[in-house]
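One-letter residues, chain by chain:
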Amino acid sequence: MTVETRVLLGAVTDRPLDLAAHEAAVADRRAGAVVSFQGVVRDHDHGRAVTSLEYEGHPTAEAVLREVAAEIAADPAVHAVAVSHRIGPLEIGDVALVAAVSTAHRAAAFAACARLVDEVKARLPIWKRQVFDDGTEEWVNCP
């Protein structure tokens, strides 16, 4: 019996992200491990205090997100993948990225989730504007 890997394509959205929903989406009777990740807005970057940030996405961002999720899901050890990224204004403590992966064993789940997050961060055309406590700002990951 062949069982296909499931991909919850999640979204590139301006709505808050739900880690529990992503974990539930990758639930699978074959899975002995579910690993998840939340990228949370922190109050500093390279020694400077950050007060807020904003993510802006290219119109192709969701297609790229699907492509990355499908690549990770193609790994025979992976049962299911869920990933979403936030755009728009975010405050300190808000969740910007959520990812979840299920596999039969924990080592494979940790590795697949790490690959998923790394590939999303490397390839997703989403740019971040950070606002610092001194009123200055900078764009990060801009082409």
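Residues numbered from 1 in each chain as written. Predicted model: local features only at pLDDT ≥ 70, side-chain atom pairs only at ≥ 80, totals over all residues. Heavy atoms only, no water.

An unreviewed UniProt entry annotates the protein chain as Molybdenum cofactor biosynthesis protein MoaE of Micromonospora robiginosa.

The next subject is the overall build of the protein chain. The helix and strand tally for the protein chain stands at three helices and 10 strands. Expected size for 143 residues packed as a compact globule is a radius of gyration near 15 Å; at 16 Å, the protein chain falls within 12% of this value. Counting the 143 residues in the protein chain, one finds 41% classified as buried. Carbon and sulfur atoms make up 53% of the accessible area of the protein chain, which amounts to about 7800 Å² in all. Side-chain charges of the protein chain comprise 14 positive and 21 negative groups, with the mean position of each set lying 6 Å from the other. (Helix = DSSP H or I, 4+ residues; strand = E, 2+ residues; numbered from the N terminus. Rg over C-alpha atoms; globule rule 2.2 N^0.38 Å. Buried < 20%, exposed > 50% of the residue type's maximum accessible area, 1.4 Å probe, protein only. Areas by Shrake-Rupley, 256 points an atom, 1.4 Å probe, with all protein chains shown as cover. Lys, Arg positive; Asp, Glu negative; His and termini not counted. Charge placed at Lys NZ, Arg CZ, Asp CG, Glu CD.)

Turning next to the side chain of Ser 52. Among the secondary structure elements, Ser 52 is positioned in strand 5 (residues 48-57). For Ser 52, a relative accessible area of 19% corresponds to the buried category. For Ser 52, the contacting residues outside a window of four places in its chain are Leu 90, Glu 91, Ile 92, Arg 129, Gln 130 and Val 131. (Contact = heavy atoms within 4.5 Å.)

The next subject is the nonpolar core. Grouped together as the largest cluster of nonpolar side chains are 29 residues, with contacts concentrated most on Val 81, Val 83, Leu 116, Val 120 and Leu 124. Of all the elements in the fold, those that place two or more residues in this core are strand 3 (33-40), strand 5, helix 2 (61-73), strand 6 (78-86), strand 8 (95-103) and helix 3 (106-123). A total of seven residues in this core trace back to one element, the largest contributor, which is helix 2. Each residue touching Val 120, except ones within four places of it in the same chain, is listed here: Leu 65, Val 68, Val 83, His 85 and Leu 97. (Core = buried A, V, L, I, M, F, W, Y, C linked by side-chain atoms within 4.5 Å.)

A few words on the pattern of salt bridges. Side chains carrying opposite charge are able to pair once their charged atoms draw close together. Throughout the structure, instances matching the rule amount to 10 salt bridges. When salt bridges that share partners are traced, they join Glu 67, Glu 71, Glu 119 and Arg 123 into one network. (Salt bridge = Lys/Arg side-chain N within 4 Å of Asp/Glu carboxyl O.)

The topology assignment puts Glu 62 in helix 2. Residues Glu 62 and Glu 23, 39 residues apart in the sequence, show an inter-C-alpha distance of 20 Å. Filtering out sequence-adjacent residues up to four positions away, Glu 62 remains in contact with Ala 11 and Val 12. Within the local environment of Glu 62, its side chain forms a polar contact with the backbone nitrogen of Val 12, the two atoms lying 3.0 Å apart. (Polar contact = N/O pair within 3.5 Å; in protein donor to acceptor, adjacent residues only side chain to side chain.)

Below, the discussion takes up the packing of aromatic side chains. All told, the structure shown has zero aromatic pairs when counted by the stated rule. The aromatic ring of Phe 132 is capped on one face by Arg 48, whose charged end is 3.7 Å from the ring centroid. (Phe/Tyr/Trp six-rings, centres within 6.5 Å; stacked < 30°, edge-to-face > 60°. Lys NZ or Arg CZ within 6 Å of the ring centre and 35° of its normal.)

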